[in-house]
Amino acid sequence: MTTPSADVRITRTGRVGRIVLTRDHALNALTLDMVETIRAALDGWAGQDLRAVTIESTSERAFCAGGDIRQVRQDVLDGNPDAAHRFFSTEYAVNLLLGSYPVPVVALIDGICMGGGLGLSVHGAFHVVTENAVFAMPETQIGFFPDVGGSHFLPRLPGEVGRYLALTGARFGAADAMAIGMATHSCEREVLGTIPDLLAEHDAPIDSLLRELAPADLGPSPIAEHRDAIAHCFAPSALDGPDGIRERLRQVGGGWAEEALAMLDNASPASLAVTLDLLARGRELSLADCLDMELAAADRVITSPDFIEGVRAALVDKDRQPRWTS
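Report on the accompanying structure. Bear in mind the structure is a predicted one, so any value in this text is a computation, not a measurement.

**Remarks on the overall build of the chain**
Per the secondary structure count, the chain includes 17 helices and 10 strands. Relative to the globule expectation of 20 Å for 326 residues, the C-alpha radius of gyration of the chain, 19 Å, shows essentially globular dimensions. With the C-alpha coordinates of the chain rotated into their principal frame, the extents come out at 55 × 45 × 35 Å. Residue burial in the chain is summarised as follows: out of 326 residues, 54% are buried. Nonlocal contacts in the chain, meaning residues at least 24 apart in sequence, comprise 73% of its contacts between residues at least 6 apart. Of the roughly 13600 Å² that the chain leaves accessible, carbon and sulfur atoms contribute 50%. Considering the chain, the positive charge centre built from 27 side chains and the negative charge centre built from 45 side chains are found 2 Å apart.

Here you go:
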């Protein structure tokens, strides 16, 4: 039997099940105990008379900054890759549950939402963002790849935005998330915490209730502004991989293209290759098949020199100077 994690509070408000991330000091970076607790809660609620499940955070800075990748690296260095496998297999099982849950899952996103945070939010029915929400899939910058179902949801974003985000690890805000369909509703930060009670107290359709909230002032979407350039530069029809993308970015020029080039140049070349392959295959696969594919890839990649080095440079020594193997 799973011992509940102290970093996740599982509770109910009426017919609303609530999963509340409380590991504030670590920006809710997910541990094995946390994902096991979330999985147990979802399994336990599946047959109950719930109206919805919400996923929330007590942190003022983050919804969820991703998985605890430093611990994964340490497990590998300690000669215990099975522990890392258990983390990923459980996390991915949670992602699959959220994508097929019998009642709507409502993610309440304020602050940082990266990597595994997207895995907790994007697969559910509703993703509500505040003006402070910040997203990214930055895994190529640490010698890994966009996982938690990224090979499924990223290729399905409009205009090759998914390939751009996956390869570069670029951050994007709430206006971008609304523009590309990764957020369904918005509201001011002060209102976000009232949503569980709102859902518990009213029987109207959830979409209608969320639309009645005053939307947050999110400003313009930079991704929408550059959508044509993104579609051109990151087109999957090109068979020349990252080098071809770089050449098209140089041709486009300007500040956005220069930033994208810099992020590609900072990424692990091996991670770029793995990511391109997974995105290409994921376009035609179900979420379940994508997660199986990602688990097999994760088992290989976490023992690679680039992963060990990338996590060291970004999260351990924090010198931001990774020495990639190629």
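**Some points on the packing of helix α13 (residues 241–252) against helix α14 (residues 254–266)**
Here α13 crosses α14 at 155 degrees, and the two axes come no closer than 8 Å. On the basis of their axis angle, the class for α13 and α14 is roughly antiparallel. Seen along the crossing, α13 lies across α14 with a hand that is left-handed. For the pair formed by α13 and α14, the contact residues are I245, R246, L249, R250 and V252 on the first element and G254, W256, A257, A260, L261, L264 and D265 on the second. Its residues assigned to classes, the contact of α13 with α14 shows eight nonpolar, one polar and three charged.

**Structural notes on the pattern of salt bridges**
Once the charged atoms of two side chains with opposite charge are near each other, the side chains can pair. Overall, the coordinates contain 14 salt bridges when judged by the stated rule. Here R15 and D49 are joined by a salt bridge, their closest N and O atoms 3.4 Å apart. In this pair, R15 sits in the loop between β1 (8–13) and β2 (16–21) while D49 sits in the loop between α1 (32–45) and β3 (52–57), placing the two residues 34 residues apart along the sequence. Note on R15: relative accessible area 34%, which makes it partly exposed. Relative accessible area serves as the criterion here: at 57%, D49 is assigned to the exposed category.

**Comments concerning the nonpolar core**
F88, F144 and L249 are the most contacted members of the largest nonpolar core, which has 85 residues in total. The element that contributes the greatest number of residues to this core is helix α16 (residues 287–301), accounting for seven residues. Beyond its immediate stretch of four places on either side in the chain, F144 contacts F88, Y92, E139, S271, T275, A298, V301, I302 and F307. In terms of nonpolar packing, the next biggest core, distinct from the first, is built from 15 residues, L108, I195, I206 and L209 among them.

**A short note on the environment of A175**
Turning to its location among the elements, A175 is positioned in helix α7 (residues 174–180). Taking the C-alpha atoms as reference points, A175 and D217, 42 residues apart in sequence, are found 8.7 Å from one another.

**Side note on a positive patch on the surface**
The grouping of R70, R171, K318 and R320 at the surface amounts to a positive patch. Position of R171 relative to the elements: it lies in the loop between α6 (161–168) and β9 (172–173). A residue is classified by how much of its surface remains accessible, and R171, at 60% relative accessible area, is exposed.

**Some thoughts on the environment of Y101**
Positionally, Y101 belongs in the loop between α3 (81–99) and β5 (105–109). Distance from Y101 to V8, taken between C-alpha atoms, is 19 Å for residues 93 residues apart in sequence. Residue contacts for Y101: discarding those within four places in its chain leaves A41, L42, W45, A46 and V53. Among the polar contacts made by the side chain of Y101, one reaches the main-chain amide nitrogen of A46 at a distance of 3.3 Å.

**Side note on the sheet that holds β9**
Two orientations exist for strands paired in a sheet by backbone hydrogen bonds: parallel and antiparallel. Taken in spatial order, the four strands line up as β4-β6-β8-β9 in an open sheet, and their pairing is mixed. If you trace the sheet from one side to the other, it starts and ends with β4 (62–64) and β9, each paired once.

**Describing the packing of α6 against helix α15 (residues 269–282)**
Orientation of α6 relative to α15, taken along the N-to-C sense of each, is 155 degrees, at an axis distance of 10 Å. Our classification of the angle between α6 and α15 gives roughly antiparallel. Relative to α15, α6 is oriented so that their crossing is right-handed. Contacts from R163, A166 and L167 of α6 reach α15 at L272, T275, L276 and L279. When the residues that make up the contact of α6 with α15 are grouped by side-chain class, the tally is five nonpolar, one polar and one charged.

What counts and what doesn't
Each chain carries its own residue numbering, running from 1 in the written order of its sequence. Thresholds applied to this predicted model are a pLDDT of at least 70 for local features of residues and 80 or more for the giving and counting of side-chain atom pairs; totals over whole chains, interfaces and linings are not thresholded and use all residues. Water and hydrogen atoms play no part in the side-chain values, which are based on all heavy atoms of the structure. In this description a helix means any DSSP run of H or I spanning at least four residues, a strand means any run of E spanning at least two, and both kinds are numbered starting from the N terminus. Here the radius of gyration uses the C-alpha set of atoms, whereas the globule reference equals 2.2 Å times the residue count to the power 0.38. Classification of residues uses two cut-offs on accessible area relative to the type maximum, computed with a 1.4 Å probe and protein chains only: under 20% is buried, over 50% is exposed, and between them is partly exposed. Contact definition: two residues touch when any of their heavy atoms are within 4.5 Å. Every accessible area reported is derived by Shrake-Rupley at a probe size of 1.4 Å, with residue values counting cover from the shown protein chains alone. Working convention for charge: Lys and Arg count positive, Asp and Glu count negative, and His plus the chain ends are omitted. Working definition for charges: the position is that of NZ of Lys, CZ of Arg, CG of Asp or CD of Glu. Helix axes are fitted to C-alpha atoms over the stretch in contact, other axes to C-alpha atoms as well, and angles between N-to-C directions run from 0 to 180 degrees. Roughly parallel here means an angle under 35 degrees, roughly antiparallel means over 145, roughly perpendicular means 65 to 115, and every remaining angle is called oblique. With the far helix as reference, a near helix turned anticlockwise by less than a right angle produces a left-handed crossing, and one turned clockwise produces a right-handed crossing. Each residue gets one of three labels, nonpolar for Ala, Val, Leu, Ile, Met, Phe, Trp, Tyr, Cys and Pro, charged for Asp, Glu, Lys and Arg, and polar for the others, Gly among them. Salt bridges, as used here, are contacts in which a Lys or Arg side-chain nitrogen is within 4 Å of a carboxyl oxygen on Asp or Glu. As used in this record, nonpolar core signifies buried Ala, Val, Leu, Ile, Met, Phe, Trp, Tyr and Cys residues forming a set joined through side-chain atoms within 4.5 Å. Exposure above 30% relative accessible area and the lack of any salt bridge qualify a residue for a patch; like charges then connect within 9 Å, and the nonpolar side chains Val, Leu, Ile, Met, Phe, Trp and Tyr within 5 Å. Polar contact is the term for a pair of N or O atoms within 3.5 Å; when the atoms are in protein, one must be able to donate a hydrogen and the other to accept it, and sequence-neighboring residues count only if both atoms are side-chain atoms. Pairing between two strands requires that DSSP report at least two bridges joining them.

On their own, these measurements won't tell you what the molecule is for.
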